[in-house]
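# Structural description and commentary
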Amino acid sequence: FLHPAHPMTPLRKETSMDILRISRHPELLPQVAAWFHGKWGIPLSAYEESMEEALKAAASVPEWYLAREGERIVGGCGVIGNDFHDRPDLHPNVCAVFVEPEHRCLGIAGQLLAFVCRDFHDRGIDTLYLLTDHDHFYERYGWTYHCPALGEGESVPSRLYRHVWQET
């Protein structure tokens, strides 16, 4: 089998994976916050505070998601108001998208992004944004380049993508 996004990359055997919202699994908060902290180096307390806010369920943002294989986190992402860029008018933002290296090329990022877009559509939010330095990765999942945006502390703009919900 070949993975459709990577025509020359063999698709590994299917595994049992769940995608969860942290707001529905508060018991996972310490593990999930530590996992994101380990991937991005943002202070642990920042993730804990954002996830605690998600648990309050007072608003749609912030929210955090994880892809799990058994008890092991294999990927995750969040949705926050602004991903530390100079376009606060473009919100909410998907952030911190990460898939463990040994689980890449299996479509996990695409499944996470689809889950997030559906979840936010169900909450009445059909447009999401995402700041990245990747070129051509997010297009395969229905995202379109929207504009350049300058990340906090950066001198070179990154790419800001947009996803608008469409029934498939």
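Before going into details, it helps to say that this report is about the structure given with it.

In this structure, the largest pocket encloses a volume near 930 Å³. Together, 37 residues line the largest pocket, and W40, C95, A96, V97 and L131 are the ones closest to its centre. For the lining of the largest pocket, the secondary structure elements donating two or more residues are α2 (44-56), β6 (93-99), α3 (108-122) and β7 (127-132). If one sorts the elements of the lining of the largest pocket by residue count, β6 sits on top with 6 residues.

This brings us to the sheet that holds strand β9 (residues 158-164). Strand pairs in the sheet, formed through backbone hydrogen bonds, run parallel or antiparallel to each other. A sheet is described by the order of its strands in space; here 7 strands give the open sequence β3-β4-β5-β6-β7-β9-β8, paired in mixed fashion. Edge strands, defined here as strands with exactly one partner in the open sheet, are β3 (18-21) and β8 (144-149). In this sheet, adjacent strand axes meet at a mean angle of 30° when their direction is disregarded. Bridge count for β8 against β9 is 5 bridges, and the pairing is antiparallel. By the bridge assignment for β9, P148 is matched with R159. Contacting β3, β4 (63-69), β5 (72-80), β6, β7 and β9, α3 crosses the sheet at an angle of about 140° to β4.

Let us now look at the side chain of S60. Within the secondary structure layout, S60 lies in the loop between α2 and β4. Sequence-distant contacts of S60, that is, excluding residues within four places in its chain, are made with F120, R123 and I125.

This part is about the state of the cysteines. A disulfide bridge is the covalent bond that connects two cysteines by way of their sulfur atoms. Counted under the stated rule, the structure contains 0 disulfides. Unpaired in this structure, C117 has its nearest cysteine sulfur neighbour in C77, at a distance of 9.0 Å.

With that settled, the discussion passes to the packing of aromatic side chains. Taken as a whole and assessed by the stated rule, the structure comprises 11 aromatic pairs. Residues W35 and F36 carry aromatic rings whose centres are separated by 4.9 Å and whose planes lie at 85° to one another, so their mutual orientation is edge-to-face. Both residues of the pair, W35 and F36, belong to the buried class. Look at F137 and Y138: their rings are 4.9 Å apart centre to centre, the planes differ by 85°, and that puts the pair in the edge-to-face class. A network of ring pairs unites the aromatic residues W35, F36, W40, Y47, W64 and F98 as a single cluster. Of note, R104 hangs over the ring of F98, and the distance from its end group to the ring centre comes to 5.1 Å. Over the face of the ring belonging to F120 we find R123, whose NZ or CZ atom lies 4.9 Å from the ring centre.

Reading guide: rules and limits
- Residues numbered from 1 in each chain as written.
- Predicted model: local features only at pLDDT ≥ 70, side-chain atom pairs only at ≥ 80, totals over all residues.
- Heavy atoms only, no water.
- 1 Å grid on protein atoms, 1.4 Å probe; cavity = no way out; pocket = protein on both sides within 12 Å on 5 of 7 lines; lining within 4 Å.
- Points joined across faces, edges and corners; volume = space filled by probe spheres on them.
- Helix = DSSP H or I, 4+ residues; strand = E, 2+ residues; numbered from the N terminus.
- Pairing = 2+ DSSP bridges.
- Axes fitted to C-alpha atoms, helices over the stretch in contact; angles between N-to-C directions.
- Contact = heavy atoms within 4.5 Å.
- Disulfide = S-S within 2.5 Å.
- Phe/Tyr/Trp six-rings, centres within 6.5 Å; stacked < 30°, edge-to-face > 60°.
- Buried < 20%, exposed > 50% of the residue type's maximum accessible area, 1.4 Å probe, protein only.
- Lys NZ or Arg CZ within 6 Å of the ring centre and 35° of its normal.

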